[in-house]
Amino acid sequence: MDKYTAQAATVAEATQKGLKLLGIREEEASIEIVTEGKKGILGFGKKDAIVIVEKKKITKEPMTRADANIDSKVLSEKSEHTEIQKEEFPEDVKEAAQLDQQVTDANKNSQNNEEAVQLVSDYLADVAQQMGAAATVDVEKSRNQVTFHIHTEKAGLVIGKHGKTLNALQSLAQVLLYHHAPTKLTAIVNVGDYRERREAVLKQLANRTAERVVRTNLPVFLEPMPAFERKQIHFYLSKNKQVATHSEGNEPHRYLVVEPVK
């Protein structure tokens, strides 16, 4: 057997599996990666790597006298130039090279960001599928914020009670982006217009709470909510000079306190 298609968790494992079955070393093989596979997250989206391992066909041609003469000449020339002096490059050439490297690094970061965003998008679609809510995911980018719009006929299932399921998905999406994207990106996961409606509710809650605090001159302790929602209320009330806000408690039960300014 000169050729084998191997499948394993990683490309390296699949390659070693193929090499072992063919009884050859890596330098004696031609390796084609069919798919690199995916690790998946929490069991979702996992795919094995597939590689094709094939023995190399090596043909040796007899060396002619002319080839021998050429080899002798090359060796002779090498021995005469054992020390090579480094050439000094002009400053403008060095600056151009540095700029080119910066552009290359920026392109790599951009490409890696795209791969990370696609990874999260696929993950969210897989999770929704496992929940019994077939979905597609569209991505909207704005500076360093990435919004994942989940489209499904079972929106309520993905949102969950009081948005807890959706908030959990957003937390996981943020963790994935943090680990896989070289640029610091903020993840927002939305279903329909849920985030917009929730933002309006939080704004009303902030205004009502501030009015109550000013009227009673007593602090108000709000129900626990995710960090990004607490930040929204902090922002809404930051312009109100009559009240102050701060958070207390530990996640996931951390809550917001609105109190009168003394």
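Above this text you will find the structure in question.
Definitions and cut-offs
- Residues numbered from 1 in each chain as written.
- Predicted model: local features only at pLDDT ≥ 70, side-chain atom pairs only at ≥ 80, totals over all residues.
- Heavy atoms only, no water.
- 1 Å grid on protein atoms, 1.4 Å probe; cavity = no way out; pocket = protein on both sides within 12 Å on 5 of 7 lines; lining within 4 Å.
- Points joined across faces, edges and corners; volume = space filled by probe spheres on them.
- Helix = DSSP H or I, 4+ residues; strand = E, 2+ residues; numbered from the N terminus.
- Nonpolar A, V, L, I, M, F, W, Y, C, P; charged D, E, K, R; others polar.
- Pairing = 2+ DSSP bridges.
- Axes fitted to C-alpha atoms, helices over the stretch in contact; angles between N-to-C directions.
- Contact = heavy atoms within 4.5 Å.
- Expected span 1.5 Å × (residues − 1).
- Buried < 20%, exposed > 50% of the residue type's maximum accessible area, 1.4 Å probe, protein only.
- Core = buried A, V, L, I, M, F, W, Y, C linked by side-chain atoms within 4.5 Å.
- Salt bridge = Lys/Arg side-chain N within 4 Å of Asp/Glu carboxyl O.

### Details of the layout of surface pockets
Reasoning step 1: Taken as a whole, the largest pocket spans an internal volume of roughly 1300 Å³.
Reasoning step 2: In terms of lining residues, the largest pocket is bounded by 39 residues, among which Asn-167, Pro-226, Ala-227, Phe-228 and Glu-229 are the most central.
Reasoning step 3: Looking at the lining of the largest pocket, the elements that each hand over two or more residues are β4 (135-142), β5 (145-152), α5 (164-180), β6 (186-191), α6 (194-216) and α7 (227-237).
Reasoning step 4: Counting residues per element, the lining of the largest pocket draws most heavily on α6, at eight residues.
Reasoning step 5: In the lining of the largest pocket, the residues fall into 15 nonpolar, 12 polar and 12 charged.

### Examining the pairing of strand β3 (residues 49-55)
Reasoning step 1: Where strand β1 (residues 3-8) and β3 come together, six bridges link them in antiparallel fashion. Across the sheet, residue Gln-7 finds its bridge partner in β3, namely Ile-50.

### Regarding the sheet that holds β3
Reasoning step 1: The antiparallel open sheet is built from three strands, whose spatial order is β1-β3-β2. Unpaired on one side and paired on the other, β1 and β2 (29-35) mark the two borders of the sheet. Looking at each pair of strands side by side, their axes are set apart by 20° on average, direction ignored.
Reasoning step 2: Taken together, the six bridges between β2 and β3 define a ladder with antiparallel strand orientation. When the bridges of β3 are listed, Ser-30 appears paired with Glu-54.
Reasoning step 3: Across the sheet, helix α1 (residues 11-22) is in contact with β1, β2 and β3; its angle to β1 comes to roughly 145°.

### Notes on α5
Reasoning step 1: Here α5 is 17 residues long and its end C-alpha atoms lie 24 Å apart, about the 24 Å a rise of 1.5 Å per residue gives.
Reasoning step 2: Looking at α5, one finds that the buried residues are Leu-166, Asn-167, Leu-169, Gln-170, Ala-173, Leu-176 and Leu-177.

### A closer look at the environment of Arg-198
Reasoning step 1: Along the polypeptide, Arg-198 turns up in helix α6.
Reasoning step 2: Separated by 31 residues in sequence, Arg-198 and Glu-229 place their C-alpha atoms 9.1 Å apart.

### With respect to the sheet that holds β4
Reasoning step 1: Pairing is mixed across the open sheet formed by three strands, whose spatial order is β4-β5-β6. Sheet topology places β4 and β6 at the edges, where each strand pairs with a single neighbour. In this sheet, adjacent strand axes meet at a mean angle of 20° when their direction is disregarded.
Reasoning step 2: The pairing of β5 with β6 spans six bridges and is classified as parallel. Bridge pairing links Gln-145 to Thr-186 in β6.

### Quick word on the nonpolar core
Reasoning step 1: Ranked by size, the top nonpolar core spans 26 residues in total, and within it Leu-124, Phe-148, Ile-150 and Leu-177 carry the most contacts.
Reasoning step 2: If you list the elements that add at least two residues to this core, you get α3 (91-130), β4, β5, α4 (155-159), α5 and β6.
Reasoning step 3: Once residues lying within four places of it in the same chain are set aside, the contact partners of Ile-150 are Leu-124, Ala-135, Thr-136, Val-137, Val-158, Leu-169, Val-189, Asn-190, Val-191 and Gly-192.
Reasoning step 4: Counting residues in hydrophobic clusters, the runner-up holds 13 residues, among them Ala-210, Leu-222, Ile-233 and Tyr-236.

### A closer look at unusual backbone geometry
Reasoning step 1: Look at the link from Glu-251 to Pro-252: it is a cis peptide, with omega at 0°.
Reasoning step 2: Mapped onto the elements of the fold, Pro-252 is located in the loop between β8 (243-248) and β9 (255-260).
Reasoning step 3: Residue Asn-217 is not a glycine yet carries a positive backbone phi of 60°.
Reasoning step 4: With respect to the element layout, Asn-217 can be found in the loop between α6 and β7 (220-221).

### Thoughts on the pattern of salt bridges
Reasoning step 1: Tallying each qualifying case throughout the model produces seven salt bridges.
Reasoning step 2: Here Lys-141 ties to Glu-114 by a salt bridge, and the two come within 2.6 Å at their closest N and O atoms. You can see Lys-141 sitting in strand β4 and its partner Glu-114 sitting in helix α3, a full 27 residues away along the chain.
Reasoning step 3: Judged by its relative accessible area of 42%, Glu-114 falls in the partly exposed class.
Reasoning step 4: Ionic contacts of the salt-bridge type, sharing partners, join the residues Arg-25, Glu-27 and Glu-28 into one network.

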